[in-house]
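Descriptive structure summary
As a plain string of letters, each chain reads:
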Amino acid sequence: MKKVVKFGGSSLASAEQFKKVGEIIFADTDRRYVVPSAPGKRCASDIKVTDMLYQCYAAAEAGEKYTDLLEKIKERYQEIIVGLGLNLSLEEEFQKIESFFAEKAGKDYAASRGEYLNGIVMANYLGCEFIDAAEVIFFDEEGKFDADRTNKVLSKRLANLERAVIPGFYGSCPNGTVKTFSRGGSDITGSIVARAVKADLYENWTDVSGFLVADPHIIKNPMAIKMITYKELRELSYMGATVLHEDSIFPVRKAGIPINIKNTNKPEDEGTMIVQSTCRQAEYTITGIAGKKGFVAVNIEKDMMNTEIGFGRKVLEAFESQGISFEHVPSGIDTMTVFVHQEEFEGREQAVLSAIHRMAEPDMIELESDLALIAVVGRSMKSNRGVAARIFAALAHVNINIKMIDQGSSELNIIIGVKNSDFEGAIKAIYDIFVESQL
């Protein structure tokens, strides 16, 4: 087998954590390609190396002294190197970084150095080849990830390498400048490497033992999800479940490579397996619950709306003209509701409303703010009757009023709208009826 393993910042925050990672890698010879993040927090009050680099570069950009900040970053790496007993010096690398900071090389360059330096340390620790991600992961002129070129170059580069370390989070543009993915982008790099080497499995090691059915900040000790499909994960990630960067799904999904979310501190835990498809039914009717607060419902009414060709397009064009994207658009015969992010909408609300009146000529527009959206997701829902009815019953039992319910044709998820103030209570009620009642 061929495995790609990615380790998050908390897994590589100190020499002690590095040793745990080393034990995990050496315990399985199939773990051949390693993607490290930058060192994370060693304790709650600590600062991530990436954040330290951002601070350091901000000082350099402002023309302020930054060498003291850079020295603190150097100390973090030196502490790891000494703790691992390595004969390695990063002095030359830090001299380059200082020079590039002075030349204002850019925020992306600054942020990427955490992964770059940790990759060098990891390669030395494991005794395998280091590959600078800027040489094998590419973005186009517009800053969009170039999947085809990357896969071609990276596949060729790794074809004859039995083991290698490729730092996460960054690549390069056609002009050679460093470009990063969004925060958490090391997950994406791991997925890209897994696709390039045609891996049998992509293991993503972090500080939790996989995905949980619900947010542990809301539900005390929620049940773990043993297996989840890419489609289910996509729905939950979009609605706020953050164990894995949502864009990391796409490269491995195309290649049919499963992902295993594992815990560096509890390697014996099964974790969560993410797969293309499965004949296994989920343990519960639902796979997971996730949600977000802070939405506005724009309710639009117009008699005979359903007979007017292009009405929906005109309404959505009003939002598009102000650069506002929508979340959901449930509709009736004479009504249409557009859910948008409140923070994004508030500053442009009157411009949007004027545009709707001008383009669609509705009879009435009403706004309702401070709403939350909750996604109840599960591949087993379509084979179980009365899922929506049970949700209604659970929320009615705790006196929560449903503002909106929307179910896709795939029957994979149901979206529920409630007041912000009812958000936590709604998730608890749904969890209780679908999970607690089945234990």
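Things to note about the packing of aromatic side chains
One pass over the structure, following the stated rule, counts 12 aromatic pairs. Between Tyr 66 and Phe 101 the ring centres are 6.1 Å apart and the planes differ by 50°, which places this aromatic pair in the tilted class. Residue Tyr 66 is found in the loop between α2 (49-61) and α3 (67-84), and its partner Phe 101 is found in helix α4 (residues 91-102); the two are separated by 35 residues along the sequence. Relative to Phe 145, the ring of Phe 139 has its centre 6.2 Å away and its plane inclined at 70°; by these criteria the two rings are edge-to-face. Take Phe 139: its relative accessible area is 3%, and that puts it in the buried class.

Here we look at the layout of surface pockets
Quantified by volume, the largest pocket comes out at close to 1200 Å³. Counting residues per element, the ones that place at least two in the lining of the largest pocket are α7 (186-196), β7 (201-206), α8 (230-238), β11 (288-301) and α14 (423-434). Ranked by residue count, the leading element in the lining of the largest pocket is β11, at four residues. A per-class count over the lining of the largest pocket returns 19 nonpolar, 19 polar and nine charged.

A look at the pattern of salt bridges
All told, the structure shown has 21 salt bridges when counted by the stated rule. Across the pair Lys 3 and Glu 203 runs a salt bridge whose closest N-O atoms are separated by 3.7 Å. Of this pair, Lys 3 sits in strand β1 (residues 3-7) while Glu 203 sits in strand β7, and the two are 200 residues apart along the sequence. Across the pair Glu 317 and Arg 313 runs a salt bridge, and its minimum N-O distance is 3.1 Å. Here the residue Glu 317 and the residue Arg 313 both occupy positions in helix α10 (residues 311-320), the gap between them amounting to four residues, near one helical turn. Glu 317 sits in the partly exposed class, given a relative accessible area of 33%. In this structure, a network of salt bridges that share partners links the residues Lys 3, Asp 28, Arg 31 and Glu 203.

What counts as what
Residues numbered from 1 in each chain as written. Predicted model: local features only at pLDDT ≥ 70, side-chain atom pairs only at ≥ 80, totals over all residues. Heavy atoms only, no water. Phe/Tyr/Trp six-rings, centres within 6.5 Å; stacked < 30°, edge-to-face > 60°. Helix = DSSP H or I, 4+ residues; strand = E, 2+ residues; numbered from the N terminus. Buried < 20%, exposed > 50% of the residue type's maximum accessible area, 1.4 Å probe, protein only. 1 Å grid on protein atoms, 1.4 Å probe; cavity = no way out; pocket = protein on both sides within 12 Å on 5 of 7 lines; lining within 4 Å. Points joined across faces, edges and corners; volume = space filled by probe spheres on them. Nonpolar A, V, L, I, M, F, W, Y, C, P; charged D, E, K, R; others polar. Salt bridge = Lys/Arg side-chain N within 4 Å of Asp/Glu carboxyl O.

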